[in-house]
Amino acid sequence: MHWVDAVVKDQVGAQTVSTGISPSGPIHLGNLREIITGDLLNRGCKDKGLQSKLIYLADDMDPLRKKYPFLPEEYELQVGKPLRNIPSPDGKGTYSEYFLSPFLKSAGELGIFPEAIRAGDLYRDGKMGEIIRVTIVNREKIRNIIEKVSGRELEKNWFPYNPVCSSCGRINTTVGLELKGDLVEYKCKCGNSGDANIFTEDGKLPWRIEWPAKWKILGVTIEPFGKDHGTVGGSYDTGKVIAEEIFDYPAPLPLMFERILLKGKGAMHSSTGIVIPASEILSFCPPEIVRFLMARVPSTRHIEFDPGMGFLSLMDEYQRMIKEQKEEESRLIELTIPVKGKAQKILDYRHMATLVQIYSDARKLVDVLKRTGIDATTEEVSKLMKLARHWIDNYAPDTFKFSILPAKQDVAISEVEREIISDFVAWASKTDSTWEATEIHNAIHNIIKAHGTEPSEGFKAFYKILIGKERGPRLGFFLSAMDRKTVIERLRYVI
Ligand SMILES: [Zn+2]
């Protein structure tokens with residue numbers, strides 16, 4: 001059984017799967033694991049016949065914790081204010097939407113269309129009002145739960161509601177004093193004091209209470225979350241007790257997922273800048289592969305992502321799976337497809353990454369592929385070309401990169417190399433020789449052998465002449481991808 005189906009196997013009745021984020025910086029590949037995991041569980045529920053939906057909750061009432069390195073100096077003044085009240089770095093709209101909207105667009109490309117909910121809207125629309133009241137009325141009980149479960153002592157003046165200061169706009173410098181009717185009296189470090197209306201976005205619950213409150217308000221039944229929340233005494237543990245004992249709501253089925261590490265760099269964090277933003281991933285990685293990356297291993301296992309050659313191996317692995325269509329991988333294939341029921345073949349990415357370094361015109365490439373027996377539309381080809389080009393420019397190791405030398409550029413070669421090339425030109429000029437990868441490979445191999453040279457030594461001559469390097473793409477395939485006449489002319493010029 002696939003791990004997704006195993007997780008949801010005991011769920012009954014209508015399901016609401018919830019995931020979310022505090023949109024404080026670029027939303028990255030690690031965050032994609034969260035929403036993809038949520039989508040997989042949502043699909044798991046639907047596929048076993050349950051009614052199910054996915055919601056994505058943006059915690060836009062959270063304060064900006066500090067001026068992150070990617071922000072201009074003047075954001076120092078915004079620290080402590082709710083993200084939804086801070087202007088966007090590009091001057092259009094709000095800070096939280098600036099990071100959220102490209103992320104939701106990326107999710108759409110992955111076939112994920114959650115009901116996106118802004119926490120601030122829940123407060124603004126009064127949906128949190130009653131549960132805030134229940135929280136404040138039960139504050140001593142909640143204090144005991146948090147202290148007992150987390151082992152952390154709360155401050156004497158701890159108040160389970162954080163008002164936004166009406167003067168300085170900060171939410172992390174105020175302290176609530178008392179609830180009178182619908183208003184929480186507060187004072188702020190800036191010297192201001194005032195009243196916050198619990199039925200508006202005048203303030204928010206602290207995270208450890210807000211989380212279980214949202215489970216109840218939104219009817220959440222399944223919630224995947226990162227390991228930070230899943231430690232012993234962490235916010236899931238306290239949330240579960242608060243939900244069940246104070247809010248009279250059963251805690252959702254938890255699923256902790258591990259982090260995604262970037263090869264050689266460690267865990268991704270918006271705050272440190274060690275990130276590949278979600279939109280960046282999709283500029284070189286087909287959506288299927290992002291889903292494949294997450295679906296192929298249980299969420300409890302960490303993933304080390306290597307955007308370099310490791311990525312090509314991942315592509316190879318995917319292509320193998322699609323080609324073989326093994327029974328035991330059928331569920332994985334199903335979960336990997338962005339739009340259910342539409343299995344799409346992807347052209348060989350590794351080849352494409354070589355071909356884009358020879359051709360820039362998609363129509364030309366369609367012809368080249370046709371010659372090797374691969375039928376593809378110009379649209380398919382140009383889509384993958386764009387991805388592969390981006391990968392070459394940004395992530396491919398230097399050993400993988402090349403450019404074709406001009407037809408009339410001199411290259412120094414040895415006498416034996418000259419003979420090998422000359423024999424090959426003679427072979428290639430014969431009308432009965434086929435311009436096909438294996439044929440070309442065999443012909444070169446035989447010629448090199450006939451000259452008593454090591455194959456790798458003999459290959460060097462070709463690479464030196466064509467791309468000015470000693471190594472390159474597999475030679476038979478490489479030459480077959482190029483135009484026969486062009487190759488012959490180039491080789492002839494040098495000999
Ligand atoms: Zn203030």
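Here, the structure is the one placed above.
What comes next concerns the included structure.

### Brief notes about the packing of helix α14 (residues 362-371) against helix α15 (residues 378-394)
- With their axes 9 Å apart at the nearest point, α14 and α15 run at an angle of 110° to one another. Overall, the two elements α14 and α15 adopt an arrangement that is roughly perpendicular. Along its contact with α14, which presents A362, R363, L365, V366 and L369, the element α15 presents T378, V381, S382 and M385.
- Tallied by class, the residues present in the contact of α14 with α15 amount to 6 nonpolar, 2 polar and 1 charged.

### Re the nonpolar core
- If you look at the biggest cluster of nonpolar residues, it comprises 118 residues, and the most contacted ones within it are F305, W391 and F424.
- If near-sequence neighbours (up to four positions away) are discounted, F424 is found in contact with W435, I440, I444, I447, F462, L479 and L491.
- Within the second largest apolar cluster, 39 residues are counted, among which are I55, I117, W158 and Y161.

### Observations concerning the coordination of the zinc ion
- Binding of the zinc ion to the protein goes through C165 (SG), C168 (SG), C188 (SG) and C190 (SG), at separations of 2.2 to 2.3 Å.
- In this structure, the zinc ion is coordinated by 4 donor atoms arranged in tetrahedral fashion, with angles at the metal of 101 to 118°.
- Mapped onto the sequence, the donors of the zinc ion take the spacing C-x2-C-x19-C-x1-C. As far as burial versus exposure is concerned, C165 and C168 are alike and both buried.

### Comments concerning the sheet that holds strand β7 (residues 193-197)
- Strand order in the open sheet made by the 3 strands is β5-β6-β7, with antiparallel pairing throughout. Only two strands of the sheet have a single partner each, and these edge strands are β5 (174-180) and β7. Ignoring which end each strand starts from, the neighbouring axes of this sheet average 30° apart.

### Re helix α6 (residues 139-150)
- Between its terminal C-alpha atoms α6 stretches 16 Å, which fits the 16 Å expected from 12 residues at 1.5 Å a residue.
- Those residues of α6 lying buried are I142, R143, I145 and I146. The buried residues of α6 occupy an angular sector of 160° when projected down its axis, which confines them to one face. More than 90 degrees from the buried face of α6, the exposed residues found are K141 and K148.
- The first or second residue beyond α6 is G151, which carries a positive phi of 70°.

### Regarding the pairing of strand β1 (residues 15-21)
- Taken across its 7 residues, β1 has 7 buried, putting it largely inside the fold.
- Every second residue of β1 is oriented toward a common face, with Q15, V17, T19 and I21 on one face and T16, S18 and G20 on the other, all of them buried.
- In terms of strand pairing, β1 meets strand β2 (residues 52-58) through 7 bridges, oriented parallel. Residue pairing for β2: T16 is matched across the bridge by K53.
- You can see the chain leave β1, run along helix α2 (residues 29-47) and come back into β2, and the turn it takes is right-handed.

Calculation rules
Residues numbered from 1 in each chain as written. Predicted model: local features only at pLDDT ≥ 70, side-chain atom pairs only at ≥ 80, totals over all residues. Heavy atoms only, no water. Axes fitted to C-alpha atoms, helices over the stretch in contact; angles between N-to-C directions. Helix = DSSP H or I, 4+ residues; strand = E, 2+ residues; numbered from the N terminus. Parallel < 35°, antiparallel > 145°, perpendicular 65-115°, else oblique. Contact = heavy atoms within 4.5 Å. Nonpolar A, V, L, I, M, F, W, Y, C, P; charged D, E, K, R; others polar. Core = buried A, V, L, I, M, F, W, Y, C linked by side-chain atoms within 4.5 Å. Buried < 20%, exposed > 50% of the residue type's maximum accessible area, 1.4 Å probe, protein only. Donors = N, O, S within 2.8 Å, 3.2 Å for Na, K, Ca; no water. Tetrahedral: all angles 85-135°; square planar, octahedral: opposite > 155°, others 65-115°. Pairing = 2+ DSSP bridges. Expected span 1.5 Å × (residues − 1). Arc of directions from axis to C-beta. Right-handed = clockwise from strand over helix to strand, strands pointing away.

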